[in-house]
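As a plain string of letters, each chain reads:
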Amino acid sequence: MKKPLLILIFLLSIYFLKAQNPQGFFLDNWQAKTATSPAYVDTTQPTGTATVSIAVDFSNKIAKVSKYVYGNNSVPWAGKMNTDDALVKNIQCLSPNILRCPGGSLSDSYFWDAVEGKGPTDIPSTIKVDVLNAGRNTANWAMTLDNYYDLLKKTNSTGCICVNYAYARYGTSADPVANAAHYAANWVRYDKGRTKYWEIGNENMGTWENGYKIDLTLNKDHQPEYISGELYGKHCRIFIDSMKTAAKQVGSEIKIGVVTVESAVTYDDITKNWNALMMPQIADKADFLIVHSYYTPYNENSTIATILNSASHTKTAKDFVLNALKTYGKKDTLPVALTEWNIFAVGGKQAVSYINGMHTALVLGELIKNQYGEATRWDLMNGWANGDDHGMFASSDEPGVKLRTPHAPFFYMYYFQKYFGDQMIGSKVTGSTNIVTYASSYSSGQSGIVIVNKGTTQQIVNVQMANSTTPKSYYRYVLTGGTDNGNFSRKVYVNGQGPSGEGGGPDNYATLKAMATRINGEIKFITPPLSVTYLLLTSDSLPTPTGITSIRKPSFSIFPNPAKDKIRIISPEFEYNTIVIMDTNGKRVYEQVLEKPTHESAQLNIRLNTGIYFLNISKGKKSLSKKFIAE
């Protein structure tokens, strides 16, 4: 009797472990993460009193970090990304771990084995199989399916493929559902295990999607003119059976997700009732639930506050679909994947700005906190559209930057995945509602903390560590915006270093030195206004500087440099109350005395003649100076 009892205990333990693991199978190949201390420059702590306190508790373990939350969408119109060595290197640095394809509404008219102009014979004339819709297109400018597979290999990523569900609706054969499911299954066979995660269609409840409405005169299996959640769910059961059978035939295991609606709507009955009608059909079949979110109101010229505060929707979206699963599908939980996300804000170049970079950091933190299994940001490359560009990299029509230059959000995503550990732990902020923090631990013993300052004033932050080994040093990367484009600078400065062009960040981001500080009693640093600080705390015993470096002066930053009519000063280490600008002849061309000494950043709105200048900040007999160029 002991053996059956042990088996029962084992099975029950597996059940309870899965019930307590919202990310589910997305953590099946979870790996411990080791932090590598970066090259650094010495910095000192500010002398002022802390205005904000962050308490980090290592005993409060919130969630393991799924490596798939750092994913992205690779799309055919981005071109043959796999053959661009510089682009591949940048994607490798992002370490996305998962890339989705073909992505978006294109999925519902995409034929993976077709050549342009030669789609299946059982599709209506309104469905065009052009270059972008054909997985085996012959164009020299568009990504093919095999290009995508090569990109997966080069970036050490698994795939997330969105199959053409709408073919089951608009197909003109006698049994379009079975035919479309078989077509998807053949893709699984061709894939041969390179793609672990699959989706059935894209936003199929939307009026903008193929298959939402069909021509009844062409349909042969008596489907309704308009789609419904129930119909989609019933069709998904057929797709899932066909695709999983195919996977077994090629010796692979796949997971299949279904499309949900992530928030309540009133404008359309099909969308309004989607979850309620779909969940009963898929609760026992689907492996995960899919949500999309573009966070800010559609087509709105959103403010900074609207953008940054919208990250809270990450939690409400997951809660909404899981509540529907429980209410209508009578199932407690399934893993949730956010397979498209960005912002809808338009009109101010918000999408390519450092503010969207801050939003990126906030969303990543919320994804981990709320235990999403997967997330793929939209998208690697899109189109300039006067700055309403969702692409991570610049397109050919963007002014002032080279093709495929990383946009500002790239840098916020890069430093997050690089300096955030494998386990999120609890943290609490006191002193300001504008400071948001996400803390983590590494299996190798270090701690990574992300601190977002959503406010317009700098803060002096003190970090207190509980239930952990006391760290000996910490490294910082501080990301801020520039002075171009009003509130939505296209530029991002990392520890004061900015881009070579009119947008993006420093070209040397991967080798840029951190600011390092030895801990002597407390952990204290400055967060500039509208900034993100990536903090790595370690047991490194940094050598005490000797000789002349032992009296090294603190540093400060000027940007942009070269400057035109605006100059921003950032001085996290040195308190000053006087600003002086001199030309190369020693002549003072500008002077400002502040009401009281400050560490805060200052912006000078001045227009200087073209040339070389020296900017001096001082307090009493102590001063610092930097050279800059005026254009």
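Quick caveat: nothing in here was measured; it's all calculated off a predicted structure. (Residues numbered from 1 in each chain as written. Predicted model: local features only at pLDDT ≥ 70, side-chain atom pairs only at ≥ 80, totals over all residues. Heavy atoms only, no water.)

K.L.:
Just give me the short version of the overall build of the protein chain, but keep the residues and values in it.
P.N.:
Tallying secondary structure elements over the protein chain gives 12 helices and 26 strands in all. Each of the 631 residues in the protein chain was classed as buried or not, and the buried ones make up 58%. A sequence separation of at least 24 residues applies to 74% of the contacts in the protein chain between residues at least 6 apart. Between the centroid of the 63 positive side chains of the protein chain and the centroid of its 53 negative side chains there is a distance of 8 Å. (Helix = DSSP H or I, 4+ residues; strand = E, 2+ residues; numbered from the N terminus. Buried < 20%, exposed > 50% of the residue type's maximum accessible area, 1.4 Å probe, protein only. Contact = heavy atoms within 4.5 Å. Lys, Arg positive; Asp, Glu negative; His and termini not counted. Charge placed at Lys NZ, Arg CZ, Asp CG, Glu CD.)

K.L.:
Which residues make up the packing of aromatic side chains, and what values do they have?
P.N.:
Inspection of the entire model under this criterion finds 42 aromatic pairs. Note on Tyr 165 and Tyr 232: the rings are 5.1 Å apart at their centroids and 80 degrees apart in plane angle, and the pair reads as edge-to-face. Residue Tyr 165 is found in the loop between strand 5 (158–163) and helix 4 (167–170), and its partner Tyr 232 is found in helix 6 (residues 229–249); the two are separated by 67 residues along the sequence. Neither Tyr 165 nor Tyr 232 differs from the other in exposure class; each is buried. Here a set of aromatic residues connected by ring pairs shows up, and it is made of Tyr 70, Phe 393, Phe 410, Phe 411, Tyr 414, Tyr 415, Phe 416, Tyr 419, Phe 420, Tyr 477, Tyr 509 and Tyr 534. Between the NZ or CZ atom of Lys 318 and the centre of the ring of Tyr 372, over which it lies, the distance is 5.8 Å. (Phe/Tyr/Trp six-rings, centres within 6.5 Å; stacked < 30°, edge-to-face > 60°. Lys NZ or Arg CZ within 6 Å of the ring centre and 35° of its normal.)

K.L.:
Residues and numbers for the pattern of salt bridges, please.
P.N.:
Counted by the stated rule, this structure contains 16 salt bridges. Where Glu 199 meets Arg 100, a salt bridge forms, and the shortest distance between an N and an O atom there is 2.8 Å. Of this pair, Glu 199 sits in strand 6 (residues 195–200) while Arg 100 sits in strand 4 (residues 98–101), and the two are 99 residues apart along the sequence. Residues Arg 237 and Asp 284 are paired through a salt bridge, measuring 2.7 Å at the closest nitrogen-oxygen approach. Within this pair, whereas Arg 237 is found in helix 6, its partner Asp 284 is found in the loop between helix 8 (274–282) and strand 8 (288–293), the two being separated by 47 residues in sequence. (Salt bridge = Lys/Arg side-chain N within 4 Å of Asp/Glu carboxyl O.)

K.L.:
Before we move on, can you summarise the pairing of strand 13 (residues 447–453) with the specific residues and values?
P.N.:
Most of strand 13 sits out of view: 7 of its 7 residues are buried. With burial as the criterion, each face of strand 13 is covered, one bearing Ser 447, Ile 449, Ile 451 and Asn 453 and the other bearing Gly 448, Val 450 and Val 452. Note: strand 12 (residues 435–441) against strand 13, 7 bridges, orientation antiparallel. Note that in strand 13 the partner of Ser 440 across the bridge is Gly 448. Linking two consecutive strands that pair antiparallel, namely strand 12 and strand 13, is a turn of 5 residues; a positive phi of about 110 degrees is found at Gly 445 within it. Two strands pair when backbone bridges link them, and strand 13 and strand 19 (residues 531–538) are joined in this way by 7 bridges, in the antiparallel orientation. Its bridge partner being in strand 19, Val 452 is matched across the sheet by Val 532. (Pairing = 2+ DSSP bridges.)

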